[in-house]
Amino acid sequence: MSETPTFEHSETYKRSSERRMRLNMGPQHPSTHGVLQIILDLEGEVVMRCDPVPGYLHRGTEKLAEERYYNQIIPLTDRLDYVSAFNNNVAYCIPVEKLLGIEIPERAMWLRVILMELQRIASHLIWYGTSLMDLGAITAFLYAMREREKILDIFEMACGARLTYSYCRVGGLLADTPPGFEEKVAEFVKDFPKAWKEYTDLVSKNPIFMDRTMGVGVVTPEDAIDMGLTGPSLRGSGVDWDIRKNEPYYGYDLIDFAIPLGTKGDCYDRYLCRMEEMMQSNRIVEQALKFLKPGPVKAPDPKITLPPKELSMSQAEAMQRHFYQVIHGFSVPVGETYGKIEASKGELGFYIISDGSSHPYRMKIRAPSYVNLQSLPLMTEGRMVSDVITCIGTIDIVLGEVDR
Amino acid sequence: MFSPARFFETGAAPIVAPEQAVNPQTDPLIWFLQTFITLFVIMNVVLVTMAYQTWAERKVIARMQLRHGPNQTGPMGLLQPIADAVKMLGKEFVVPREADKPVFMIAPIMSFIPAVAAFAIIPWGDARSEGLLGGWIRPAIANLNIGILYMLALSSVGVYGIIMAGYSSGNKYSMLGALRSSGQVVSYELTLGISLIGVLIQSGTLNLNDIVRQQQASIWFIFPQFFGFVVFLISGIAETNRNPFDLPEAESELVAGFHLEYSGMSFGLFYLAEYISMNAIAALAAILFFGGWAPPFDIVPFTLIPGPIWLFLKFAFFLFLYYWIRSTLPRFRYDQLMGLAWKVLFPIALANLVITAVVKLIGVHMGWWV
Amino acid sequence: MGLLENKFKENLITTTVDSLINWGQEKAMYPLLLGTACCGIEMMAVGYSRFDVLERFGMLFRFSPRQSDVMIVAGTVTKKMAPVIKAVYDQMSDPKYVIAVGSCAISGNIYKSYSTLQGVDRIVPVDIYIPGCPPIPEAFAYGIIELQKVIASRRVIRKQTTAPAPGAQPTVNVHDILRPGHIKLPTAQDYAAHLDDDITNYEQRGLIEPGRRRD
Amino acid sequence: MPIQESLQVVVSKLQDKFGDSVLSVQEFRDEVTVRFKPQVWIEAHRFLKEDEDCAFNMLIDETAADYPLRNERFDVITHLLSLGKAHRLRLKTQTAEHIPTLYPVWKTANWLERETYDLFGIIFDGHPDLRRILLTEDWEGFPLRKDYPIEGYDI
């Protein structure tokens, strides 16, 4: 494959290489969404070479996962993409449930769909707030957080936590949602479009915002596929690929929703894709609410899920089974599988190799932010310093997922 | 018949030296004391209002963002500026090792003094009239004939403080901030100057007090000079590095821009200098385009309120405009910023200048100019 | 403030001056948010309109270490990040405090792994610990009020009675605990080595007489 | 349930093109894993990318697994995805330490291989800049190997 003439081969690059200033947009920087270091070779304001250095939040999740039972890994997965924690839980549970070959009950599946889509809206709201604050519009962040607080209240009602839920268990959910949950979700779904319209009015037609994002960080569809971009960044370049549509899981094929596609692949298209995705997620939650019927929330298989509380307090062997599972965990048949979902940042996948014991032999997390971050040099070389900030904003990376 | 001689004979009243506010018979010592007291009073008013502007901005922007501003210190957070000042005085003044020490020390002073000096010529009331307390507090510290020229000169001196700060703190980010601010201020000063000339042509004088009196006589200059006002306001915002143009100290890109290495009171000086120069531009806009101390209509309810209050109300409105813009608009990119100055504002200012000149000439020739 | 500190006995005037300085320091703390992980997102939640803790207490986010006096370490501190946090702490100007937010910053939490520093108080002295993973915004507000109490009881110009204890002293020097090959930051000795560069060349230029006592 | 017929076409094309260097084809939970000899690693990827029946145009993931008891210690595993045909494939090969890089075939492999080198110590020959990405530049030892203790060597 011939090396495409990148920016390095151009004449201006060679001539100006000695007059370059190496700027270190260090790990502690207001707009690198956490601890990401970017080493820029600047020539005046123009970025000649951009080298992102992740790793400042590498906590060794994959190594820790190898010494824990399958249900103990769930708190680790929360803190990967800590802005959409519930998506990580579900993404981890899918391959384990596939390995065990069990089916989760109807209500658990629809609750997972609803909460995943709400989590996607919350994650896009944080993206909307922070990327606009990087551009200088401070107020947009505060209004986006007002909606996000409503979603956090729904999650707090369901599982008691605001940010890191650990609400999933292998084989379903930890517990059923309290009464009044559906009404609260319905109420959120009813008045979200009004707030959404407020956000788009504030920013979408704003000439300064359009100048700052149109034509910046253009990624052609071929480059996007070649760089392995997934999620809204890929769809921003016009490639029609969404796991919920092309490889449907969890009843997404019963719900009709649209996939927003960009045309030019610049920051503005990615912005529009994400904004439209929020509305589509809202529609999904609306339709999923109708499928939600009362029923069990855990898989009936006794070896995997804990017995209900009142049973294990009253019956002897239920308590014995409860203790056994907590101390030894359940064992998973030998094999390897790769489960994936369409998380808010892209395709989040867990590749698990199991050797039959109750610990995974090897767990690899395919983090969308890690692969999407690779395309930052492609977007920013030859552009100005402020465009680096815009491009980081529209790739929407979260460092917990990049460094694992 | 058209003759070149008529070019220079304008219909306006012959320009004479503005009468001294105070009759010259008083001996110089009392005159000096009066000036000193006026200076003392006005400067204190200016500095205290600047300190309370940080409070006002935090409150207004907080209100726009659905939250309360500081309300834990003092009744409504009123003691917040004092707390800020006390804390900043108590902070250690850190001079980085590779900083250029003398330049590093002078930079905040260089950017603070021109900002404060700009208030010397703002006429709070009619400069001719006796001030308060029978002349002891005159309405304007100095009633210069070349008021606007003095203002423009000071606003360009202010940028040296920023460049010295950026250069001397030996930090790449502040260097970038300094380079950006020098480019920005130079180009926006040009458009600021040209947009003012429209007003000068129409009023025929540089003295701020006479401009206000002309506006009192005829209409406010905002209506004939609307485009001049728009260009003036935009380049005024750019001149003071306020929000859509705050590239020199863009938090999200350059961490804190040119005043990155300054701690304690030197950072406080930069912080106040930014607010004071913002006020200078707001006061200038109020005087040149909105008839400084003149009430909008001469009918009774308006004339009861004294002159300075009117001026204060007008430029409080402009300050609110600054805060409003700061909380909503995103930031320009550097080349768009320069593009806007040279490709958009500069032509509009020139066009406005030419049209005003032509209208004035025809008006003078036809004789319907007052 | 160096000249005045730790000089005067306790009497009416010095105590009121102290309380004024502490009041100023307490009511206008400028935080520097080192939001590394999930606690960073929760600390943003503390800033905006629903809980509105920061702005009401007069705290204004400053991103440059020189101008801030409270360092909020929110999130896991990895060994690659440790020298950066130590450098930022050293750059902060003097009356400075550290709040460790979240169990990752306090004790390394569930991440007992090869690359995680088990608690930020191993490298910087911490004043306030806010437990929780992530702590709820009300817990952060409680932490701020606690820090204000710590500042209020500070003896600035009065003579220090006991050894100053700004929270737990760092048990271990940052440079010993790290892998030998990590990014080397200038230690106190390096500063001291260069301390009198200016004085030596002043001497060569004859500005000051040689042999002046170098503190 | 039987795997997608498009995947069966891919497997049959692979077997007749590479013959004996395809060591094993395994189907488990409707996913296909094909194990190769290290010699044909790049040709297999290039074939899967360019052939119009397979049309795998995206490298989803490249990682490794450590089996210390085997002499060829590491398993290098890649997952491929075809956007057009919406099917996925997993390729595996064994190596002691050296394996050719996939960077010329997929640009995504750049960081994925740097991370695998960083955590396992597998050296990818021909990689543009193979240096550590997640750990500090001069960290000794490769953490994800089974013989590396979880808490590392110092506090």
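Since we're looking at a predicted model, the values are computed, not measured.

Right, let's talk about the overall build of chain C for a bit. For chain C, the count of helices and strands is eight helices and four strands. Going residue by residue from the N terminus, the α and β elements of chain C occur as α-β-α-β-α-β-α-β-α-α-α-α. Taking the intrachain contacts of chain C between residues at least 6 apart in sequence as the baseline, contacts between residues at least 24 apart amount to 77%. For chain C, the exposed surface amounts to about 9,200 Å²; the carbon and sulfur share of it is 60%.

If you look at the interface, chain D gives 48 residues, while chain A gives 49 residues. Each partner contributes to the roughly 4,100 Å² buried at the junction of chain D and chain A, and carbon and sulfur atoms together form 55% of this total. For chain D, the biggest contributors to the area lost against chain A are Lys107(D), Trp111(D) and Leu134(D); these three give 18% of the whole. One can count 10 salt bridges joining chain D with chain A. Salt-bridge contacts for Glu66(A) lead to Lys146(D); the nearest nitrogen and oxygen are separated by 3.3 Å. Of all the elements in the fold, those that place two or more residues in the side of chain D that touches chain A are strand E1 (22-28), strand E2 (31-36), strand E3 (58-66), strand E4 (74-82), strand E5 (87-95) and helix H3 (109-120) of chain D. No other element matches E3(D), which puts eight residues into the side of chain D that touches chain A.

Turning our attention to the sheet that holds strand E4 (residues 128-130) of chain C. Residues and elements named next belong to chain C. Taken together, the four strands give an open sheet; going across it, the order is E1-E2-E3-E4, and neighbouring strands pair in parallel fashion. Whereas interior strands pair on both sides, the edge strands pair on one side only; in this sheet they are strand E1 (31-35) and E4. Going from strand to strand, the sheet's axes swing by 15 degrees on average, the running direction of each strand aside.

We now examine the packing of aromatic side chains. Summed over all chains, the structure comprises 46 aromatic pairs over all chains. Geometrically, the ring pair formed by Phe141(A) and Tyr48(C) is edge-to-face, given 6.1 Å between the ring centres and 75 degrees between the ring planes. Of this pair, Phe141(A) sits in helix H6 (residues 139-159) while Tyr48(C) sits in the loop between helix H2 (38-47) and strand E2 (70-74), which puts the two residues in different chains. Among the residues examined, Phe141(A) registers a relative accessible area of 4% and is labelled buried. Taken together, Trp220(B), Phe229(B), Phe232(B), Phe289(B), Phe290(B), Phe317(B) and Phe318(B) form an aromatic cluster joined through their ring pairs. Seen from the ring of Tyr370(A), Arg404(A) lies directly overhead, with NZ or CZ sitting 4.8 Å from the centre. One Lys or Arg, Lys80(C), reaches over the ring of Tyr56(A) and ends 5.0 Å from the middle of that ring.

Now for helix H7 (residues 181-203) of chain A. Residue and element names in this part refer to chain A. Across its 23 residues, H7 extends 32 Å between first and last C-alpha, which sits within 8% of the 33 Å expected from 1.5 Å per residue. In the structure, H7 departs most strongly from a straight axis at Phe192, where the bend amounts to approximately 35 degrees and where the proline Pro193 lies between one and four residues downstream. Of the residues making up H7, those classed as buried are Phe181, Val185, Phe188, Val189, Asp191, Phe192, Ala195, Trp196, Tyr199, Thr200 and Val203. In this structure, the buried residues of H7 make contact with helix H5 (106-135), H6, helix H8 (207-213) and helix H12 (267-291).

Next up on the list: the interface of chain B and chain C. Taken residue by residue, the interface counts 36 residues in chain B and 33 residues in chain C. For the chain B and chain C pair, buried surface summed over both sides reaches about 2,800 Å², with 58% attributable to carbon and sulfur atoms. Ranking the residues of chain B by area buried against chain C places Gln72(B), Lys87(B) and Lys91(B) at the top, with a combined share of 22%. A salt bridge links Asp69(C) to Lys87(B); the shortest N-O distance between them is 3.1 Å. For the interface between chain B and chain C, the tally reads 14 residue pairs in polar contact (both at pLDDT 80 or more). Mapped by element, the contributors of at least two residues to the side of chain B that touches chain C are helix H3 (80-90) and helix H11 (265-290) of chain B. For the side of chain B that touches chain C, the element with the most residues is H3(B), which contributes nine residues.

On to the domain arrangement of chain A, then. All names here are of chain A. Each assigned domain of chain A is listed with its residue range as follows: domain 1 (7-53) and domain 2 (61-299 + 332-403). When each unit is reduced to the centre of its C-alpha atoms, the spacing between domain 1 and domain 2 is 30 Å. With 20 residues of domain 1 in contact, the opposing surface of domain 2 contributes 18 residues. With both sides pooled, the region where domain 1 packs onto domain 2 buries about 1,600 Å², and carbon together with sulfur makes up 69% of that total. In this assembly, domain 1 and domain 2 are joined by zero salt bridges. Inspection of the region where domain 1 meets domain 2 yields four residue pairs in polar contact (both at pLDDT 80 or more). Elements supplying a minimum of two residues to the side of domain 1 that touches domain 2: strand E2 (37-43) and strand E3 (46-53). Element by element, the count of residues in the side of domain 1 that touches domain 2 is highest for E3, at six residues. Partitioned by chemical class, the residues of the side of domain 1 that touches domain 2 number 12 nonpolar, five polar and three charged.

Turning our eyes to something else, we now look at the state of the cysteines. Residues and elements named next belong to chain A. Per the stated rule, a full pass over the model turns up zero disulfides over all chains. We note that Cys273 lacks a disulfide partner, and the nearest cysteine sulfur, in Cys267, lies 12 Å from it. Using a relative accessible area of 2% as the deciding quantity, one classes Cys273 as buried. Left without a disulfide partner, Cys391 is nearest to the cysteine sulfur of Cys267, which lies 4.1 Å away.

Residues and elements named next belong to chain A. Mapped onto the fold, Asn88 is located in helix H4 (residues 85-100). Using a relative accessible area of 1% as the deciding quantity, one classes Asn88 as buried. Separated by 110 residues in sequence, Asn88 and Glu198 have C-alpha atoms that sit 30 Å apart. Those residues in contact with Asn88 that lie beyond four places of it in its chain are Thr77, Asp78, Leu80, Asp81, Leu348 and Phe350. One polar contact links the side chain of Asn88 to the main-chain carbonyl oxygen of Asp81, over a distance of 3.3 Å.

Each pair of packed helices gets described by two things: the angle between the helix axes and the distance between those axes. All names here are of chain B. Two elements in contact, helix H9 (residues 226-239) and H11, have axes separated by 10 Å at closest approach and are oriented at 175 degrees. By the angle between their axes, H9 is roughly antiparallel relative to H11. Residues Gly228, Phe229, Phe232 and Gly236 of H9 touch H11, and the partners they reach there are Ile281, Leu284, Ala285, Phe289 and Phe290. Residues that form the contact of H9 with H11 fall into these classes: seven nonpolar, two polar and no charged.

Moving on: the pattern of salt bridges. In total, this model carries 64 salt bridges over all chains according to the counting rule given. Here Lys345(A) and Asp81(A) are joined by a salt bridge, their closest N and O atoms 3.3 Å apart. Of this pair, Lys345(A) sits in the loop between strand E6 (335-342) and strand E7 (347-354) while Asp81(A) sits in the loop between helix H3 (74-78) and H4; the two residues are 264 residues apart in sequence, bridging distant segments of the chain. Grouping residues by exposure puts Lys345(A) and Asp81(A) together as buried. For Glu31(D), the salt bridge identified is with Arg90(D), shortest N-O distance 2.6 Å. Within this pair, whereas Glu31(D) is found in strand E2, its partner Arg90(D) is found in strand E5, the two being separated by 59 residues in sequence. Glu31(D) gets classed as buried once you look at its relative accessible area, which sits at 11%. Residue Arg90(D) is classed as buried on the basis of its relative accessible area of 3%. One salt-bridge network, in which partners are shared between bridges, spans Lys98(A), Glu336(A), Glu31(D), Arg35(D), Arg70(D), Asp75(D), Arg90(D) and Lys92(D).

Once that is clear, we can look at the pairing of E6(A). Residue and element names in this part refer to chain A. Where burial is concerned, most of E6 is hidden: eight out of the eight residues are buried. Burial of the side chains of E6 extends over both faces: Gly335, Thr337, Gly339 and Ile341 are buried on one face and Glu336, Tyr338, Lys340 and Glu342 on the other. Bridge analysis of E6 against E7 gives eight bridges, and the strand direction is antiparallel. Looking at E7, one finds that Glu336 is bridged to Ile353. Connecting E6 to the antiparallel partner E7 that follows it, the hairpin turn spans four residues, and Gly346 within it adopts a positive phi of roughly 155 degrees.

Moving on: the environment of Leu206(B). Residues and elements named next belong to chain B. By the element assignment, Leu206 lies in the loop between helix H7 (172-203) and helix H8 (208-217). Sequence separation between Leu206 and Leu149 is 57 residues, and the spatial gap between their C-alpha atoms is 7.5 Å. If we skip the residues at most four places from it in the chain, Leu206 touches Asn145, Ile146, Gly147, Ile148, Leu149, Leu200 and Ile211.

Conventions we followed
- Residues numbered from 1 in each chain as written.
- Chains lettered and ligands numbered in written order.
- Predicted model: local features only at pLDDT ≥ 70, side-chain atom pairs only at ≥ 80, totals over all residues.
- Heavy atoms only, no water.
- Helix = DSSP H or I, 4+ residues; strand = E, 2+ residues; numbered from the N terminus.
- Contact = heavy atoms within 4.5 Å.
- Areas by Shrake-Rupley, 256 points an atom, 1.4 Å probe, with all protein chains shown as cover.
- Buried area = accessible area lost by both parts, 1.4 Å probe.
- Salt bridge = Lys/Arg side-chain N within 4 Å of Asp/Glu carboxyl O.
- Pairing = 2+ DSSP bridges.
- Axes fitted to C-alpha atoms, helices over the stretch in contact; angles between N-to-C directions.
- Phe/Tyr/Trp six-rings, centres within 6.5 Å; stacked < 30°, edge-to-face > 60°.
- Buried < 20%, exposed > 50% of the residue type's maximum accessible area, 1.4 Å probe, protein only.
- Lys NZ or Arg CZ within 6 Å of the ring centre and 35° of its normal.
- Expected span 1.5 Å × (residues − 1).
- Bend = angle between axes of the 7 residues up to and from the residue.
- Polar contact = N/O pair within 3.5 Å; in protein donor to acceptor, adjacent residues only side chain to side chain.
- Domains from an automatic or database assignment.
- Nonpolar A, V, L, I, M, F, W, Y, C, P; charged D, E, K, R; others polar.
- Disulfide = S-S within 2.5 Å.
- Parallel < 35°, antiparallel > 145°, perpendicular 65-115°, else oblique.

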